[in-house]
Amino acid sequence: MEKRFKVWVYQEGEPPLFHAGPMKDIYSTEGQFIDEMESGKSAFLARHPDEALAFFVPVSVVRILKYLYKPHVDYHRGRLQNVVTDYIDILSKKYTYWNRSSGADHFFVSCHDWGPDVSTANPTLYKNFIRVLCNANASEGFRPARDVSLPEIKIPYKDLGPPRLGRAPNNRSILAFFAGGCHGHVRERLFQYWKDKDQDVQVHDYLPKNLNYFELMGRTKFCLCPSGYEVASPRVVESIYAGCVPVIISDSYVLPFSDVLDWSQFSIHIPVARIPEIKVILEGISMTEYLKKQKLVLQVQRHFMVHRPAKPYDLLYMVFHSVWLRRLNVKFS
């Protein structure tokens, strides 16, 4: 892949809606990928479109919402959809690349919840388009054979990832832990059964300032990762950074990099309907099985780390690899 896979970044469009995105906080994997391509330092950057195997549409959904939806009070998806559709219309009339594959070798990256909505207004136009999405919900049109699941990371303002405060596996006194807002029906059910009710399964709303969220994750064997309003959560990556076995509580989340990572080996999946059984399920995991999973969590950490420029096997590299795999399926007419 390193030698053959080249990506052309379309030059059309201007910031702030194009060629830039959020570099920190909740949607930052979107901006980090855009900036990686725009920096000119990526090993995968094509110097001419004719040498490219894939074409990047450098639009930022987060920036569109920031600049086109405020101070407006309505959140109709039409404005978002029109910006991207008009952009692709310009590209398809100016170049031959979109039309020759019907967009099957083109992709964009979005970590915002609205990312999937870009394509809903015109399913025919986007039928083959590769969508790299944090909101990878199989029940809402995410197709793993075509689309790419993007890890969601809340990148702090001083570093490129959460702190790594994980303890040794024999020094983790908390069975399960979650702290965060009660967003969406999954967390509502989690809070109904577990909020502030059990010393082993610690489920809390936002923590007081005297408690360190990442330190508590580092003391935990199994970190609960329930979906919020949408399926993705930065807690999945935060768990991995903490050396804590992720417990995915979601029914439709397509996990990142599933083409090459077998999540069943280093995580636990608990269906939403079995939330009342969390403690029984986790206590039923033997120490041998836990240690095996925890060891593999440490081994996959490198695939969820962000480096600039990207390094082999890190998060951005894995995104390129995921797009490359889908590009291999493209056949030109």
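Residue numbering note: each chain is counted from 1, following its sequence as written. Restriction of local features to residues with pLDDT of at least 70 applies here, the model being predicted, together with a cutoff of 80 or more for giving and counting side-chain atom pairs; totals for whole chains, interfaces and linings are based on all residues. Based on all heavy atoms of the structure, the side-chain values leave hydrogens and waters out of the count.

Draft legend 1. The sheet that holds strand β2 (residues 54-56), seen in detail. Ordered by their spatial adjacency, five strands build an open sheet running β1-β2-β3-β4-β5, and the pairing between neighbours is parallel. The open sheet has two edge strands with one neighbour each: β1 (7-9) and β5 (148-149). Any two strands between which DSSP finds at least two bridges are classified as paired. Under the DSSP-based scheme used, a helix requires at least four consecutive residues in state H or I and a strand at least two consecutive residues in state E, with every element numbered from the N terminus. As paired elements, β1 and β2 share three bridges and run parallel to each other. Within β2, the residue paired with Trp8 across the bridge is Phe55. The sheet strands contacting helix α10 (residues 315-327) are β1, β2, β3 (106-110), β4 (130-133) and β5, and the helix crosses β4 at an angle near 155°. The contact rule is simple, with two residues in contact once any of their heavy atoms fall within 4.5 Å. Inter-axis angles, ranging from 0 to 180 degrees, are taken between N-to-C directions of lines fitted to C-alpha atoms, where helices are fitted over the stretch in contact.

Draft legend 2. Quick peek at helix α9 (residues 287-300). In this analysis, the expected span of each helix is defined as 1.5 Å times one less than the number of residues it contains. Spanning 14 residues, α9 covers 20 Å between terminal C-alpha atoms, matching the ideal 20 Å at 1.5 Å per step. Of the surrounding elements, those touching the buried residues of α9 are β8 (220-226), α7 (235-241), β9 (245-249) and β10 (268-269).

Draft legend 3. Expanded view of the packing of aromatic side chains. Side-chain rings of Phe, Tyr and Trp, where Trp is taken by its six-membered ring, are said to pair if the distance between their centres is within 6.5 Å; with planes under 30 degrees apart they count as stacked, over 60 as edge-to-face, and otherwise as tilted. Throughout the structure, instances matching the rule amount to 25 aromatic pairs. Ring geometry for Tyr126 and Phe129: centres 5.6 Å apart, planes at 55°, overall tilted. The burial state of Tyr126 is the same as that of Phe129; both residues are buried. One aromatic cluster is present, formed by Phe5, Phe33, Phe44, Phe56, Phe107, Tyr317 and Phe320 through successive ring pairs. The cationic tip of Arg77 hangs over the ring face of Trp114; the distance from NZ or CZ to the ring centre is 3.5 Å. Accessible area is worked out with a 1.4 Å probe on protein chains only. A residue is then buried under 20% of its type maximum, exposed over 50%, and partly exposed in between. Any Lys NZ or Arg CZ that is within 6 Å of a ring centre and within 35 degrees of that ring's normal is treated as a charge sitting over the ring.

Draft legend 4. Layout of the packing of helix α2 (residues 61-68) against helix α3 (residues 78-94). At a closest axis distance of 10 Å, the pairing of α2 and α3 adopts a crossing angle of 125°. Looking at the two axes, α2 sits oblique to α3. Judged by the sense of rotation from one axis to the other, the crossing of α2 with α3 is right-handed. In this structure, α2 uses Val61, Ile64 and Leu68 to contact α3, whose residues at the interface are Arg79, Leu80, Val83 and Val84. Looking at the contact of α2 with α3 residue by residue, the classes come out as six nonpolar, no polar and one charged. Working rule for angles: under 35 degrees goes down as roughly parallel, over 145 as roughly antiparallel, 65 to 115 as roughly perpendicular, anything else as oblique. Handedness of a helix crossing follows the sense of rotation of the near helix relative to the far helix, less than a right angle counterclockwise being left-handed and clockwise being right-handed. In this classification, Asp, Glu, Lys and Arg are treated as charged, Ala, Val, Leu, Ile, Met, Phe, Trp, Tyr, Cys and Pro as nonpolar, and every other residue, Gly included, as polar.

Draft legend 5. Spatial organisation of the sheet that holds β10. The parallel open sheet is built from five strands, whose spatial order is β7-β6-β8-β9-β10. The outermost strands of the open sheet, each flanked by one partner alone, are β7 (201-204) and β10. Where strand β6 (residues 174-179) lies against β8, three bridges are found, and the strand directions are parallel. When the bridges of β8 are listed, Phe177 appears paired with Cys223.

Draft legend 6. Summary view of the pattern of salt bridges. Here, a salt bridge means any side-chain nitrogen of Lys or Arg that lies within 4 Å of a carboxyl oxygen of Asp or Glu. For the structure shown, the criterion picks out 15 salt bridges. The salt bridge partner of Lys94 is Glu12, with a shortest N-O separation of 2.8 Å. Linking Lys94 in helix α3 with Glu12 in the loop between β1 and α1 (28-38), this pair joins segments that are 82 residues apart in sequence. Since its relative accessible area comes to 13%, Glu12 is described here as buried. Three or more residues joined by partner-sharing salt bridges are found here, namely Asp35, Glu36 and Arg308.

Draft legend 7. Broad picture of the state of the cysteines. Working definition: a disulfide is two cysteine sulfur atoms within 2.5 Å of each other. As enumerated under the stated definition, the model contains two disulfides in all. Disulfide pairing places Cys111 opposite Cys134 at an S-S distance of 2.0 Å. The sign of the -85° torsion about the S-S bond sets the Cys111-Cys134 disulfide as left-handed. Of this pair, Cys111 sits in the loop between β3 and β4 while Cys134 sits in the loop between β4 and β5, and the two are 23 residues apart along the sequence. Per residue, the accessibility class of Cys111 equals that of Cys134, and both read buried. Here Cys223 is linked by a disulfide to Cys244, with a sulfur-sulfur distance of 2.2 Å. Measuring the twist about the S-S bond at about 110°, one finds the Cys223-Cys244 disulfide to be right-handed. Remark: Cys244 occurs in the loop between α7 and β9 and Cys223 occurs in strand β8; sequence separation between them is 21 residues. The same class applies to Cys223 as to Cys244, namely buried. Once the disulfide-bonded cysteines of the chain are ranked by sequence position, their pairing pattern turns out to be 1-2, 3-4.

Draft legend 8. A look at the packing of α1 against α10. It is the contact of α1 with α10, at a shortest axis distance of 11 Å, that shows an interaxial angle of 80°. Accordingly, the angle class assigned to the pair α1 and α10 is roughly perpendicular. Two secondary-structure elements touch here, α1 through Thr29, Gln32, Phe33, Glu36 and Met37 and α10 through Leu315, Leu316, Val319 and Phe320. Classifying every residue of the contact of α1 with α10 gives six nonpolar, two polar and one charged.

Draft legend 9. Region of interest: the environment of Asp25. Structurally, Asp25 can be placed in the loop between β1 and α1. Expressed as a C-alpha distance, the spacing of Asp25 and Leu160, which sit 135 residues apart in the sequence, is 10 Å. Apart from the residues within four sequence positions on either side, Asp25 is in contact with Ile153, Lys154, Ile155 and Tyr157.

These results come straight from atomic positions and should not be treated as a statement about function.
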